[in-house]
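Overview (structure and organization)
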Amino acid sequence: MALDAVVSVIIQKLRDMVAEESITHNKVIGIQLKEMQEALEKMQGFFIDAADKETNVEAIKKWTDNYLQNLYYVEDTIESFALRITRQRKRMGFLMNHALFLKNFTACKMLSRKLVKIQRAIDFLNDQKPVDVEDASLRSRRSQENDEQNGRQIEPGGAVSLSSWTTVNSAGEKNVEEKTNTHDYAGFDDITPNARHSISTSFTESSSPKALVRSFSYVPPFSSEASFIRERWQQSKLIYNGSSDEQELYIVGFRQDMCDLVNRLIKEDNGDDLIISLVGELGSGKTTLARAVYGKRIIKDYFKSSSAWVTISKESSTADFLLNLLKQVGESKDQGRVLTEQMLQTRVWERLMDRKYLIVLDGVESCDVWENLKNVFPDDKNGSKIILTTCHEQVATYADPNSPPHYMKKLDNHDSWKLFLNKVGLEESEECSTLKKKIIEICYGLPLKIVLLGSLLSTKKDEGYDKWASILDSQENSHASDTLSFCYNDLDAHSKLCLLYLMLFPQEYDIPIRRLLRLWLAEGFVKHPEKQDMCQEIAVQGYFDNLVKRSLIQISKLRSDGSPRKCRLLGVLRDYLLDKARDICLFHVHRNLDCHEDGGRYGKRRLVEYADAKNCPLDRFQFQYLRSYISFNFQKKDTPAKEVRNLLSNTIGKGFGLLRVLDLEGVYKPSLPDNLGDLFHLRYLGLRWTFLDKLPKSVGDLTYLETLDLKHTYINRIPTSIWRLKHLQHLNLNEIRLDKDMPLHLSGSLPPLLTLWGLSVDPDSPVKKCLSKLTQLRELGISFRLSNFDDHSSQARNGSSCLTQFREDLLDWISKLTTLQSLRLRSKDDMGYPSELSLKPLSSLEKLSNLNLLGKLQKLPERDQFPPNIKVLTLSVSHLVNDPMPILGQLPSLTVLRLLANSYRGKKIVCPQGTFKELRVLNLWMLKDLEEWELEEGAMEKLKELNIRCCSNLNNIPGKLLQQRTFKDLILTNMPGKFIQDIEKKNFGKVSITVKDYKFTPLPWEQADDLPNGVASSVNGYSNGEISHN
């Protein structure tokens, strides 16, 4: 039981409560809370040790269960008190600040009595502590300090020798030459991990690090740490996204396995073998091998009619598997209806009939599972295949006794050692030989053990040889599951909760990193930094990076610039962590349409909804201590989710309303109660992609709100009181106009925003008196609304003067935002058409890495006027007449360049010799006048991906690109047939060519230009979300 994780959060809440104004006026309660805090702090070390031993000792299990009940009682008591005080303050105003009043306030007296009762219970439990439980606080403290500092002994290149340790062995005094090549990834060629789900299966060549661009007010890690994080991202990219590079896809030690498996899948003479089973013990690389093959382009093309990946887990039912399968192989005609298991089987069968399909069933651990699924797969002898992964040979033979299983082989000593060195970030050296034999014996050729152990030890470099030896001793004769448990237990308490939190998300769900980190903060899982100059944004990013570095979280999707966008839990951890999460009642999952589950031992503290809640009985007492409501019910897009109002109304009442997180991202038009503002504790309100058209006015009363996400909604107005929320840090809007009637006195109390995205301003907006007070922004997305005037009127002269001053104030403010990392500027007229975009030099914005500009530019800024470290640049409707390539090619860090609709109106672009040295991705969209493209020697030598869309007059692309070693992917959308044919003739199969044909709805100004039907509209990337970064 993760008791230490729970108590760490409650201790932090006690500290916060002691500092509250309501408590400082009542010394008795303040002393009681302080004593309780100190008592729990003294017990933290014992909770850590109890978690390691409770599995084998029933007395310890019973003790931790009782303690957890009291801990939740503490949490519920103090937060209910805070809620009552706040509601009373709204009614009584300044009287609530009077010390004498608070001393005699009934709620204070009740709290004091409850605290006495709780303290007695805690003292009793402390006295009843089992004798086998010891204080492990020192061990925990060292682990936490190591997590905070890990990587400091790592060289900038990411690889070090054992001799760089402070306490290693007799050779430990020997110094190694420092590596300074920060453009190399930490790793070795052809070394890759082999583990379940997302442990990567390959390693790419690289000469430059991927851009560490934020997805959530991103704070780059230290350079020594960054190389490790980049390496994990790079590995995850390969395993999840596939690759056209055959060398990248070969798994170390599994080269022949991949060839054999591919041959069995596509060879015509193997048409009778419907089932191919991969058999091997936990951590042998079954899932990794299956994923690598599943993602190969030759396999995708061969099974292009239908393919699906279904992970089998103990938490899901047969109906869950079938529904998941149905969603992947095709939409059901019964969408929105309640389908029985038999109906689901029929629908899947119908979708697969007469198709050549490939289905992966990952983790089939019993014959019963296969028995429940086998009847949905038609065997038409047409080359269809089912890949089944299992730890048990009898499952494979039961599924198909005539098809020989593919048995996973263990890595040999050579490959095992190379993989370990890669994961731990060490170079081969004489000092390594003292540990090499022991490490190889412990890992036993299992990729999962190698990856986890190497990743864990990479965080222990500053603890020296003795620490490594101690860890290795504990892993002798251990199984892969033991190593999993050891890696989890090595985490500090806050990181454990953060990791367990990923269990809330559906399996195989790609979690937006932006969303995950803000949820961790809102839940209170992040420890307040001890350093005054470190904000929690940096701390939470450190938690995430540490879990990625330990290979417990895998990056599942990257942006085109290589920055992380989405992540997943390491697959084999899911079943292990599920029990941990259930032990502490971390959350309750509502999966089925008929909901009759009870509230559990401690009530429903976090409700996760996978299915429609309208049939779920709403017992308000089950929800009185609800902290989070997160919905993934995306099934119907035509019916508003009215049940949300019913559930929330049951949580907002006398004594209720403890909700901290309300995340409805993707739920269609959820109905929100008017008194939403009574959720005093709410930190996170996520309404992205809900298409809501209004927001309750009471939202402005959510005093502690940290994140308000209204992106992709129809909400066009927010209460001015939102600008008074002192804790608001992330405000994502959907082109909401800054109200000109906003009271000017608010300008002195604007929230400490880090993200302000989707705001629209015009000359009447209080830019200088209000917006200019926001000086700590890291992400800014803003649109100028400029009015059209009759040039001969006096109004035009006055308007022009006003407009000039408005632009000056706005651009002057932006040019001073030195913390800015991402900036989007749009200039539109009052009809919504692109208008003239004026710019000031942005060279002072040294942290700015992502710049997106929409509007007519008189001329492209000079090279020295761009941000010096710009990595991603997007230009839309710029109407440039002069070729922009000579200037843009000189930007030293430019990784991604997007020239979108009418950004350039000329007929020819020329990339001069030696330019675009770091460019990896180039998009040319809707450049309708472009005819020629010339690429001089040494230009774009690192280009990997080219995306051309609706450039109907373009004659060809430079022949050099198709011969370039780094160039891998060419995506052609709505391009003439002759153009495509010419490219394919010159390709010779070296470059992957993807041809698409979309029909986009033109935007108003595109219609005005009389563009032909089928021409793309999304100058800003809305169609596929390729340009959106928030």
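In this text the structure is predicted, and so the values were computed from the model without any measurement. (Residues numbered from 1 in each chain as written. Predicted model: local features only at pLDDT ≥ 70, side-chain atom pairs only at ≥ 80, totals over all residues. Heavy atoms only, no water.)

**Side note on the overall build of the protein**
Of regular secondary structure, the protein possesses 31 helices and 27 strands. Within the protein, residue pairs in contact and separated by at least 24 positions form 66% of the contacts whose partners lie at least 6 positions apart. As presented, the protein carries roughly 41,600 Å² of accessible surface, and 48% of it is formed by carbon and sulfur atoms. (Helix = DSSP H or I, 4+ residues; strand = E, 2+ residues; numbered from the N terminus. Contact = heavy atoms within 4.5 Å. Areas by Shrake-Rupley, 256 points an atom, 1.4 Å probe, with all protein chains shown as cover.)

**So, the sheet that holds strand 2 (residues 306-311)**
Pairing within the open sheet is parallel, and its five strands lie in the order 2-3-4-1-5. Strands with a single pairing partner mark the edges of an open sheet, and in this sheet they are strand 2 and strand 5 (406-407). Examined bridge by bridge, strand 1 (residues 275-279) and strand 5 share two bridges and lie parallel to one another. Among the inter-strand pairings, Leu 278 is bridged to a residue of strand 5, identified as His 406. (Pairing = 2+ DSSP bridges.)

**Details of the packing of aromatic side chains**
On inspection of all chains with the given rule, the structure shows 18 aromatic pairs. Aromatic side chains Trp 417 and Phe 420 sit 5.4 Å apart centroid to centroid with 15° between the ring planes, which places their arrangement in the stacked category. Separated by three residues within a single helix, Trp 417 and Phe 420 lie in helix 17 (residues 413-424), roughly one turn from each other. Note on accessibility: Trp 417 and Phe 420 belong to one class, buried. A cation sits over an aromatic face here: Arg 291 above Trp 309, 4.3 Å from the ring centre. The ring of Tyr 72 carries the charged tip of Arg 605 above its face, separated from the ring centre by 3.9 Å. (Phe/Tyr/Trp six-rings, centres within 6.5 Å; stacked < 30°, edge-to-face > 60°. Buried < 20%, exposed > 50% of the residue type's maximum accessible area, 1.4 Å probe, protein only. Lys NZ or Arg CZ within 6 Å of the ring centre and 35° of its normal.)

**What to know about the pairing of strand 21 (residues 896-899)**
When a strand is regular, its side chains alternate between the sheet's two faces. Across the two faces of strand 21 the burial is the same, with Val 896 and Arg 898 and Leu 897 and Leu 899 all buried. Where strand 20 (residues 872-876) and strand 21 come together, four bridges link them in parallel fashion. Bridging across to strand 21, Leu 875 finds its partner in Leu 899. Here strand 21 runs beside strand 23 (residues 921-925); their pairing, made up of four bridges, is parallel. Looking at strand 23, one finds that Leu 899 is bridged to Leu 924.

**Focus on helix 18 (residues 433-443)**
Among the residues of helix 18, those classed as buried are Leu 435, Ile 439, Ile 440, Ile 442 and Cys 443. Looking straight down helix 18, one finds its buried side chains confined to an arc of 160°; they lie on one side. Turned more than 90 degrees away from the buried face of helix 18 sit Lys 437 and Glu 441, all of them exposed. Those residues of helix 18 hidden inside the fold are in contact with helix 17, helix 19 (447-457) and helix 20 (464-474). Positive phi shows up at Tyr 444, right after helix 18, with a value of about 55°. (Arc of directions from axis to C-beta.)

**Quick notes on the pairing of strand 7 (residues 553-558)**
Summarising burial for strand 7: five of the six residues are buried, a large majority. Taken together, strand 7 and the strand that follows it, strand 8 (residues 564-569), pair antiparallel across an intervening segment of five residues, in which Gly 562 is found at a positive phi of about 90°.

**Here's the deal with the sheet that holds strand 6 (residues 511-512)**
Spatially, 6-8-7 is the arrangement adopted by the three strands of the open sheet, whose pairing is antiparallel. Unpaired on one side and paired on the other, strand 6 and strand 7 mark the two borders of the sheet. Across five bridges, strand 7 lies against strand 8 in antiparallel orientation. Across the sheet, the residue bridging to Lys 557 is Lys 566, located in strand 8.

**Some points on the environment of Val 364**
Tracing the backbone shows Val 364 in the loop between strand 3 (357-362) and helix 15 (367-373). What makes Val 364 buried here is its relative accessible area of 1%. Through-space distance from the C-alpha of Val 364 to that of Ser 277 is 9.9 Å; in sequence the pair is 87 residues apart. In this view, Val 364 contacts Ile 312, Val 369, Trp 370, Leu 388, Thr 389, Thr 390 and Val 395; residues no more than four positions away in its chain are not counted.

**Description of the side chain of Thr 707**
Its location among the elements puts Thr 707 in strand 14 (residues 707-709). The exposure class of Thr 707 is buried, given its relative accessible area of 2%. Look past the residues within four positions of Thr 707 in its chain and what remains in contact with it is Arg 518, Arg 683, Tyr 684, Leu 685, Leu 728 and His 730.

**Topic: a positive patch on the surface**
A contiguous patch of positive charge on the surface is contributed by Arg 84, Arg 91, Lys 114 and Lys 117. Mapped onto the positive patch, the elements with two or more residues apiece are helix 4 (58-92) and helix 6 (106-127). Here Lys 114 lies in helix 6. (Patch = residues over 30% accessible without salt bridge, like charges linked within 9 Å, V, L, I, M, F, W, Y side chains within 5 Å. Salt bridge = Lys/Arg side-chain N within 4 Å of Asp/Glu carboxyl O. Lys, Arg positive; Asp, Glu negative; His and termini not counted. Charge placed at Lys NZ, Arg CZ, Asp CG, Glu CD.)

**Let's talk about helix 30 (residues 977-987)**
An α-helical turn contains 3.6 residues, so a residue and the one three or four places further along point in the same direction. Taken together, the buried positions of helix 30 are occupied by Phe 979, Ile 980, Asp 982, Ile 983 and Asn 987. What you see down the axis of helix 30 is that its buried residues fit within an arc of 160°, all on one side. Away from its buried face by more than 90 degrees, helix 30 exposes Lys 978 and Lys 985. Those residues of helix 30 that are buried are in contact with strand 25 (945-949), helix 29 (959-963), strand 26 (969-973) and strand 27 (992-996).

**Details of the packing of helix 17 against helix 18**
Packed helices, taken two at a time, are described by the angle between their axes plus the distance between the axes. Relative to each other, helix 17 and helix 18 sit at 105°, their axes nearing to 10 Å. Here helix 17 is positioned roughly perpendicular relative to helix 18, judged by the angle of their axes. Taking contact as the criterion, the partners of Asn 413, Trp 417 and Phe 420 in helix 17 are, on helix 18, Lys 436, Ile 439 and Ile 440. In terms of residue class, the contact of helix 17 with helix 18 is built from four nonpolar, one polar and one charged. (Axes fitted to C-alpha atoms, helices over the stretch in contact; angles between N-to-C directions. Parallel < 35°, antiparallel > 145°, perpendicular 65-115°, else oblique. Nonpolar A, V, L, I, M, F, W, Y, C, P; charged D, E, K, R; others polar.)

**A word on the pattern of salt bridges**
Under the defined criterion, the tally for this structure stands at 43 salt bridges. Ionic pairing is found between Glu 79 and Arg 627, a salt bridge with its closest N-O pair at 2.8 Å. Taken together, the positions of Glu 79 in helix 4 and Arg 627 in the loop between strand 10 (606-609) and strand 11 (628-631) put the pair 548 residues apart, joining distant regions of the chain. Using a relative accessible area of 1% as the deciding quantity, one classes Arg 627 as buried.

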